[in-house]
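Residue-level listing of the chains:
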Amino acid sequence: MNFIMEKPSKKRDCKSQENKQTNELASLPTDIALDIFSRLSITSVIQSRFVCRSWQNLSLDRNLVSMHFSQVAKRDPLLIFHSDFPIRNQLSFAEFCGADNDTKGVVKKISIPFSASMSEFTVVGSCNGLLCLCDSLFNDTIYIYNPFTNYYKELPKTMQFDDEIVMCGFGYHPETKQYKVVKIVYYWITNIDHRGVRRIRTPRTSKSEVFVLGSEDNKWRNIGQVSYYIERRSKVALFTNGRLHWLTRGVSNSVRGLIIISFDLADEKFKEVPRPEFSCAADGRKYFLASLRGCLCAVVYKYGLSRDLEIWIMKEYNVKESWVKEFKIGGNVPESPSTRLQAPLRIWRNTYNREFVRVLCILENGEILIEYKVGNLALYDVASGRYKDIKFKGMPSIFQTIVHFGSLNEIDLPAKN
C-alpha cells in the first residue's frame, strides 16, 4: 500500500526525544507493550514497523493478531472504497472517526500486488480483516487479501464451463474456526444440431463448491447442486452469524416475492431463513439484506410519496417471531451533483438496485451510515431524523463501500502442488 512506504523521516529536530520514548517502550514487559500496540489503529501498527527493530518485532508478534482485532471490533470500522472511475478497479480506504467532519481522515489508495493478473474484480466480502476478491471477467480467479499487511493468496482455479454465472461467498464460523469460500455455478448446456450451434439455458443446472482455507488438501470440494436459483443481482453473499445469505424468488404458491437463502459454514447446508411479515405484501418483492451489529437485517424501500426506508432486524437468528421493525428512515435523501449521473459503471451491477439506499453499519454514536445513489455517503441521525453528507478528502467520485475492520490477520495456505 502507498501509505506503508511513508517511512518516518530521519531528519527531525526532536529525534533524540523520540529515540528516548522508543527505548522506553522497548524496555516494557512484552505483554504490556503488546497491549499498547493492540489499541493502535491498523495503519499505526503497520507504520510502527519502520521505527525500530523492537517495534517491528512487536508488530509481527502472532499474539498481537487476536489482541489487536478484539480492540478493533469494538470501534467504528474503516471504509474501503471499490471504484472503477477514473481508474478501473481501484481500492482505497478511509479511517472513519465519527460524526465530526473535522476528525475524518484522508482517502488513501491501496496498491494491489496482484493487479496485473486480475484487472477487473468483484469484492466478494470482508471478514475479520480479510478481503475476498473474484475476477469479474472470467470468474476463475479468487484471491484472499489483507490490504494492510499486503498478505494475499490465490485459490486454485476450477472453471469448467465456457459460459457460466458464478455466485461467491466468504466467511468464518467461530465454532469450526475455519474460513471458507463458497462458489455456486449456474451454466448453459450447448447442443449442436444440423443448423449449427444452439445454446440452451438451464438455470436449474448448477453445482456448488467449497474451499476451506488452511486445509491440507488445498482444493475445492463439490457439495452438490443447489435447489434454489439465486437472484443474479444477489451475486455477492451477505455474511453474518456464521452463514452466507442470498435472495431468491419464492418457489411455492404460499410464498410470494423474494425469500432468504442461507449457507451454514459449519454443516455446509443450504436452508431457507424466515423473512419478516412485511406491512405490505408488495414489500416482499423489493427488499435487500444487510448486517447491523451482528444481526441479519431486511431493508425495505417504500415506493410512493414517502419513499421511506424500513429496517427490520432479526433479533434471534432463524426465529421468525424475532423480526422487529427497528428503524424507519425518512426519504429525504441529501442531494449532491453525483446523484444526477444516469449511467452507473460496471461495479454497480453488483448492487441490488441502483436506486436503493445501502445501509452499511451503525456507528458507536447510534447514527446509521448509508450509501445512496451513485456512491454517496451520509449519516442518518435516528433521534432528529436528519441526514448529513459525509465527504472525505480524496474520495472517489463513483464507488461502492465495503465496511472493513483492519487487522493483522493472515491465513496459512498450503503451497501449490
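The rules behind the values
- Residues numbered from 1 in each chain as written.
- Predicted model: local features only at pLDDT ≥ 70, side-chain atom pairs only at ≥ 80, totals over all residues.
- Heavy atoms only, no water.
- Salt bridge = Lys/Arg side-chain N within 4 Å of Asp/Glu carboxyl O.
- Helix = DSSP H or I, 4+ residues; strand = E, 2+ residues; numbered from the N terminus.
- Buried < 20%, exposed > 50% of the residue type's maximum accessible area, 1.4 Å probe, protein only.
- Phe/Tyr/Trp six-rings, centres within 6.5 Å; stacked < 30°, edge-to-face > 60°.
- Core = buried A, V, L, I, M, F, W, Y, C linked by side-chain atoms within 4.5 Å.
- Contact = heavy atoms within 4.5 Å.
- Axes fitted to C-alpha atoms, helices over the stretch in contact; angles between N-to-C directions.
- Parallel < 35°, antiparallel > 145°, perpendicular 65-115°, else oblique.
- Left-handed = near helix turned anticlockwise from the far one by under 90°.
- Nonpolar A, V, L, I, M, F, W, Y, C, P; charged D, E, K, R; others polar.
- Arc of directions from axis to C-beta.
- Polar contact = N/O pair within 3.5 Å; in protein donor to acceptor, adjacent residues only side chain to side chain.
- Patch = residues over 30% accessible without salt bridge, like charges linked within 9 Å, V, L, I, M, F, W, Y side chains within 5 Å.
- Areas by Shrake-Rupley, 256 points an atom, 1.4 Å probe, with all protein chains shown as cover.

Colleague: How would you summarise the pattern of salt bridges if you had to cite specific residues and measurements?
Modeller: This structure, assessed with the given rule, holds 10 salt bridges. A salt bridge links Glu268 to Arg221; the nearest nitrogen and oxygen atoms lie 2.7 Å apart. Of this pair, Glu268 sits in the loop between strand S14 (258-264) and strand S15 (270-273) while Arg221 is found in strand S11 (residues 221-224), placing the two residues 47 residues apart along the sequence. With a relative accessible area of 16%, Glu268 lands in the buried category. Classification of Arg221 as partly exposed rests on a relative accessible area of 37%. Residues joined by salt bridges that share partners form a network here, namely Lys180, Arg221 and Glu268.

Colleague: Would you mind going over the packing of aromatic side chains in detail, with residue names and values included?
Modeller: The final tally for this structure, using the stated rule, is 16 aromatic pairs. For the pair Phe37 and Trp55, a centre-to-centre distance of 5.9 Å together with 90 degrees between the ring planes defines the contact as edge-to-face. One end of the pair, Phe37, is in helix H2 (residues 30-38); the other, Trp55, is in helix H4 (residues 53-59), and 18 residues separate them in sequence. Both residues of the pair, Phe37 and Trp55, count as buried. Here the aromatic rings of Phe211 and Trp220 are separated by 5.5 Å at their centres, their planes lie at 55 degrees, and the arrangement is tilted. Residue class for Trp220 comes out buried when judged on its relative accessible area of 9%.

Colleague: Please provide a residue-by-residue account of the nonpolar core, values included.
Modeller: In this structure, Leu91 and Leu133 are the most contacted members of the largest nonpolar core, which totals 27 residues. In contact with Leu91, other than residues within four places in its own chain, are Ile80, Phe81, His82, Lys109, Ile110, Ile112, Phe121, Val123, Leu131, Leu133 and Tyr145.

Colleague: Explain the packing of H2 against helix H5 (residues 62-72) residue by residue, including any values.
Modeller: Any two packed helices are characterised by how steeply their axes cross, that is the angle between the axes, and by the distance between the axes. Where H2 contacts H5, the two axes come as close as 8 Å, and the packing angle between them is 45 degrees. Judged by the angle between their axes, H2 and H5 are oblique. Read as a crossing pair, H2 and H5 show a hand that is right-handed. Contact residues: H2 offers Leu34, Asp35, Phe37 and Ser38, while H5 offers Asn63, Leu64, Met67, His68 and Gln71. Across the contact of H2 with H5, the residue classes break down as four nonpolar, four polar and one charged.

Colleague: Give a description of H5 that names residues and reports values.
Modeller: Here H5 has its buried residues at Leu64, Val65, His68, Gln71 and Val72. On an axial view of H5, the arc spanned by its buried residues comes to 145 degrees, and they lie on one face. Turned more than 90 degrees away from the buried face of H5 sit Arg62, Asn63 and Ser66, all of them exposed. At the N-terminal end of H5, a side-chain oxygen is found 2.8 Å from the backbone nitrogen of Asn63, two or three residues along, and the residue is Asp61.

Colleague: An account of a nonpolar patch on the surface is needed here, citing residue identities and associated values.
Modeller: The grouping of Leu28, Ile32 and Ile36 at the surface amounts to a nonpolar patch, some 220 Å² of accessible area in total. Take Ile32: its relative accessible area is 41%, and that puts it in the partly exposed class.

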